[in-house]
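Topology and contacts: notes
Below are the chains, spelled out letter by letter.
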Amino acid sequence: MSYDLLVMKFGGTNMQDSRAIRHSASLAARSVRVGVKVVVVVSAMAGVTNQLLKLADAAQSGDIAAANDEIALMRTRHFTAAQELGAAPDSITVREIREMHETLRQAVYGVYLLRELTPRSRDLIVAFGERLSAPLMSLALEQDGLRAHHLSGGEAGILTDSHFGNAKPMPNTYERVKDRLSGLLSAGVTPVVAGFMGETEKGAITTLGRGGTDFSATIVGKALGADEVWAWKDVDGVMSADPRVVKDAQNIEVLSYGEVMELAYFGAKVLHPLAVTPLQESGIPLRVKSAADPDFPGTLVQAQPRDEDGHPVKAVTAIRNVSIINVSGAGVLGIPEVIASVFDAIARENVTLLMVSQSSSMSNVSLAVQTVDAERTLAALRAGVSLELKVEEQPGVAVLAIVGSGMRGQKGVSARMFTALADQDVNVLMISQGSSELNVSVAVEAAHVDAATLAVHRAFGLGAATA
Ligand SMILES: Nc1ncnc2c1ncn2[C@@H]1O[C@H](COP(=O)(O)OP(=O)(O)O)[C@@H](O)[C@H]1O
Ligand SMILES: N[C@@H](CC(=O)OP(=O)(O)O)C(=O)O
């Protein structure tokens, strides 16, 4: 297949050191050499985002020495990579990396002085990971003989709302990205965009949520009307389960946008849950490809699902670190206003609800949330609902989901899942089926989640040996 324009995303693993960056650059360069225009979108070097989050917390809690130690480690890592990629000590890349670390140090010092880390300052700090890796990718592309130019998310035209930590693109982003990048492309320059980040109308830096570089890449893909967006990964593609848990998980050849969103939402770390949304209107396909095996087709994500005969379920996935919040009180919950006040309280806190179930007697509502959100969910409910209601947290839970368009209208799918769980002696705490019939999810005790994943994967014949 011949392409005119591709957007290529490289994640943290594919940017982790000079060797990985050089290899990633070579994957982009081989398309550019055969006449394809390529926009490269990069993540921070593996581990850097977590390091930035950690050092920001250290500064807030008054430990500026620990924060500065981390910054020094990061600086060395980026300098080493630049040097190994051929940058001279007085080169523009080295100077840029030095200046960026200095700005980072000042921002972190501000947090330390104020002992305050707002979502806005956290985004400013955490986006340095991508701003620092982009010049390294530019350098590697130039070493490979290409002309390259790196841009921050904002410089590339990504304009977002001011929902720091989880920002969404504004409608005029697409026009702006096209304006900013088209000129470079027609001049034969390969743009390198720092992923994960954008900026507000007022120029404040925002981030798009963890794993957000996938989202940046698809925003750019839609803006430019790319032929495809390629997300290069350290796995063959989207697999039937997390390969770290299920050794015989298999690559899935084709998935629909809807299926991939469900998978990502229910914990498959391989793609950002919103990544396909910019592609949906335009029908641009996304390909998840293996950087280690570039000729392998990987997973094609497109508008239409492809139903696999005899395989109503395509993948099993899990969200860990979940808590169930039980709201109970005889006779009180049946009143619609009380139910409304429960959801109002949750909405005000902007908590993501993973599952909701209500007992038919209406005296109990169970809400599954990430454990990190449990404290504020409890506080919001206790403050926002009638005193007669009891609000309790059950920690140590995981949500397991099966996903596949083929289960629509198929009988016996849930039964197969519950039999597999019962055979493993796994107790089911909550059950939910999406109205789209693309998934069935259950809450189980966290200690059982790996055994449950393996058993359900096997029950649907998804493993290499059983497929
Ligand atoms: N269903 C799945 N298919 C493929 N990978 C998965 C799946 N579930 C979880 N993963 C994990 O996602 C990882 C890739 O995602 P991530 O590390 O965010 O990629 P990158 O940073 O390269 O964009 C894999 O290493 C794999 O362990
Ligand atoms: N660096 C960001 C954004 C990202 O997408 O990273 P990765 O592609 O390595 O998952 C994060 O860790 O969340």
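Residues numbered from 1 in each chain as written. Chains lettered and ligands numbered in written order. Predicted model: local features only at pLDDT ≥ 70, side-chain atom pairs only at ≥ 80, totals over all residues. Heavy atoms only, no water.

**Things to note about the packing of aromatic side chains**
Taken as a whole and assessed by the stated rule, the structure comprises 5 aromatic pairs. A centroid spacing of 5.8 Å and a plane angle of 75° characterise the contact between Trp230 and Trp232, whose relative ring orientation is edge-to-face. For Trp232, a relative accessible area of 1% puts it in the buried group. Centre to centre, the rings of Tyr265 and Phe266 are 5.1 Å apart; their planes meet at 90°, and the pair counts as edge-to-face. By relative accessible area, which is 34% here, Tyr265 ends up partly exposed. Put simply, the rings of Tyr3, Phe10, Trp230 and Trp232 pair up and form one aromatic cluster. Its end group placed over the ring of Tyr174, Lys222 keeps NZ or CZ at 4.2 Å from the ring centre. (Phe/Tyr/Trp six-rings, centres within 6.5 Å; stacked < 30°, edge-to-face > 60°. Buried < 20%, exposed > 50% of the residue type's maximum accessible area, 1.4 Å probe, protein only. Lys NZ or Arg CZ within 6 Å of the ring centre and 35° of its normal.)

**Observations regarding the UniProt feature "binding site: ATP" (unreviewed entry) in the chain**
Using the residue numbers shown here, the UniProt feature "binding site: ATP" (unreviewed entry) corresponds to Lys9, Phe10, Gly11, Gly12, Arg244, Lys269 and Val270. Of the annotated set, the members that line the largest cavity are Lys9. With a relative accessible area of 0%, Phe10 lands in the buried category. Ignoring any residue separated from it by four or fewer positions in sequence, one finds Phe10 in contact with Met15, Ser24, Leu27, Ala28, Val40, Val41, Val42, Ser43, Met137 and Trp232. Note on placement: Arg244 falls in the loop between strand E7 (228-233) and strand E8 (254-256). (UniProt positions renumbered as here; feature names shortened; annotations may be inferred. 1 Å grid on protein atoms, 1.4 Å probe; cavity = no way out; pocket = protein on both sides within 12 Å on 5 of 7 lines; lining within 4 Å. Contact = heavy atoms within 4.5 Å. Helix = DSSP H or I, 4+ residues; strand = E, 2+ residues; numbered from the N terminus.)

**What to know about the packing of helix H3 (residues 64-84) against helix H4 (residues 92-114)**
For any two helices packed against each other, the geometry is given by the interaxial angle and the distance between the axes. As a packed pair, H3 and H4 sit with axes 10 Å apart at the nearest point and diverge in direction by 165°. Considering the angle they form, H3 stands roughly antiparallel to H4. Taken as a pair, H3 and H4 cross one another with a handedness that is right-handed. The residues of H4 that touch H3, namely those facing Ile64, Ala67, Asn68, Ile71, Met74, Arg75, His78, Phe79 and Ala82, are Val94, Ile97, Arg98, His101, Leu104, Arg105, Val108, Tyr109 and Tyr112. Across the contact of H3 with H4, the residue classes break down as 12 nonpolar, 3 polar and 3 charged. (Axes fitted to C-alpha atoms, helices over the stretch in contact; angles between N-to-C directions. Parallel < 35°, antiparallel > 145°, perpendicular 65-115°, else oblique. Left-handed = near helix turned anticlockwise from the far one by under 90°. Nonpolar A, V, L, I, M, F, W, Y, C, P; charged D, E, K, R; others polar.)

**Topic: the site of ligand 2**
Inspection of the region around ligand 2 gives Lys9, Gly11, Gly12, Ser43, Thr49, Glu130, Phe196, Arg210, Gly211, Gly212 and Thr213 as its neighbouring residues. Glu130 has a polar side-chain atom sitting 2.7 Å from a nitrogen atom of ligand 2. Between ligand 2 and Gly211 there is a distance of 2.8 Å, counted from an oxygen atom to a backbone nitrogen or oxygen. Across the complex, the protein chains shield 80% of the 340 Å² of accessible surface that ligand 2 would expose by itself. Here the residues of the shell around ligand 2 sort into 1 nonpolar, 7 polar and 3 charged. (Near = heavy atom within 4 Å. Polar contact = N/O pair within 3.5 Å; in protein donor to acceptor, adjacent residues only side chain to side chain. Areas by Shrake-Rupley, 256 points an atom, 1.4 Å probe, with all protein chains shown as cover.)

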